[in-house]
Amino acid sequence: MFVEMQPYVGLVEAIKQRRAARSFKSDVIPPAILQEILELGIQAPSGFNLQPWRFIVVKEQKNKDKLQECAFNQRQVGEAPVVLICCGDRRADNVDNIDAVIHLGEENGMMTDNFANYMRSSIPEFFTNHPNFASMETWTNRHTMLAVAYMMIVAKSFGVDSCPMEGFVSNQVKEAFQIPKEVDVCCLLALGYADEPAKQYGGRFPLDQVYFNESYGEPFGLS
Ligand SMILES: Cc1cc2nc3c(=O)[nH]c(=O)nc-3n(C[C@H](O)[C@H](O)[C@H](O)COP(=O)(O)O)c2cc1C
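First, a word on what this report is: a plain description of the structure on this page. This one's a predicted model, so the numbers in the text were calculated from it and none came from an experiment. (Residues numbered from 1 in each chain as written. Predicted model: local features only at pLDDT ≥ 70, side-chain atom pairs only at ≥ 80, totals over all residues. Heavy atoms only, no water.)

## A closer look at the packing of helix 5 (residues 95-107) against helix 6 (residues 113-129)
Describing two packed helices takes the angle between their axes plus the distance from one axis to the other.
(1) Moving on: For the pair helix 5 and helix 6, interaxial distance at closest approach is 10 Å and the crossing angle is 155°. One way to sum up the angle between helix 5 and helix 6 is to call them roughly antiparallel. As for the relative orientation of helix 5 and helix 6, their crossing is right-handed in sense. Counted together, Ile98, Asp99, Val101 and Ile102 of helix 5 and Ala116, Met119, Arg120, Ile123 and Pro124 of helix 6 form the full contact between these two elements.
(2) Moving on: Considered class by class, the residues forming the contact of helix 5 with helix 6 number 7 nonpolar, no polar and 2 charged. (Axes fitted to C-alpha atoms, helices over the stretch in contact; angles between N-to-C directions. Helix = DSSP H or I, 4+ residues; strand = E, 2+ residues; numbered from the N terminus. Parallel < 35°, antiparallel > 145°, perpendicular 65-115°, else oblique. Left-handed = near helix turned anticlockwise from the far one by under 90°. Contact = heavy atoms within 4.5 Å. Nonpolar A, V, L, I, M, F, W, Y, C, P; charged D, E, K, R; others polar.)

In structure tokens:
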């Protein structure tokens, strides 16, 4: 169930205002806002709708302290009222998950027998050949980070700051939080209210450095 709430700022402003916060106040995130962040985050797209992302929501101080120890003692892990351990489940191509996605499509009235058959045959083939990723972890990471990006923008639209983090020791996090061996930790995401003057914008490369026209390396321009 979505809670009907009016975001505080629009999409463009949320994207422009978001900065990776390095310090957080202890103020809690109202549950209805947290719910929006979690619900809207997983509206991100995924290949075949397989939704390989999984998140551990860490709020208890003793668990945040434990997580901070696995994250090079980064202060935002201990300070933020909520930290998500953002994971990717490599079992997303299992028959059970494919069936669950088909069932979900049926519940939503969009699944035909033809499409279900297509999914049952083409998904295992795709993951056997995996023509565009080197490992299953690459594939799950690709998806989990999309959901994380959605969450950061949604959070900012409700006035909630965030910090995505790759500064952690994966094996330590997995052991401390009982994460199965088939599941990888993609990043940590601290959520809360920044306790610092508005962090300075580090800038982004200009468009002509990162976009190309029709083939790689060809100068891009909007005309
Ligand atoms: C995948 C990823 C991992 C990151 N890891 C860390 C981290 O471990 N610690 C940290 O303080 N910031 C981390 N950051 C935040 C970046 O340093 C920050 O996004 C970048 O400097 C640009 O700043 P801005 O997000 O405020 O525009 C990470 C960002 C991303 C996307």
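## A closer look at the packing of aromatic side chains
(1) Moving on: Inspection of the entire model under this criterion finds 9 aromatic pairs.
(2) Moving on: On the numbers, 5.5 Å between centres and 65° between planes, the contact of Phe48 with Phe126 is edge-to-face. Within this pair, whereas Phe48 is found in the loop between helix 2 (31-41) and strand 1 (53-58), its partner Phe126 is found in helix 6, the two being separated by 78 residues in sequence.
(3) Moving on: Residue Phe48 is classed as partly exposed on the basis of its relative accessible area of 27%.
(4) Moving on: For Phe126, a relative accessible area of 22% gives the class partly exposed.
(5) Moving on: Here the aromatic residues Phe48, Phe126, Phe127, Phe133 and Trp139 are joined through ring pairs into a cluster of three or more.
(6) Moving on: Taking the ring centre of Phe177 as reference, the NZ or CZ of Lys66 above it sits at 4.8 Å. (Phe/Tyr/Trp six-rings, centres within 6.5 Å; stacked < 30°, edge-to-face > 60°. Buried < 20%, exposed > 50% of the residue type's maximum accessible area, 1.4 Å probe, protein only. Lys NZ or Arg CZ within 6 Å of the ring centre and 35° of its normal.)

Interpretation note: all reported values are geometric properties and have no functional meaning in isolation.
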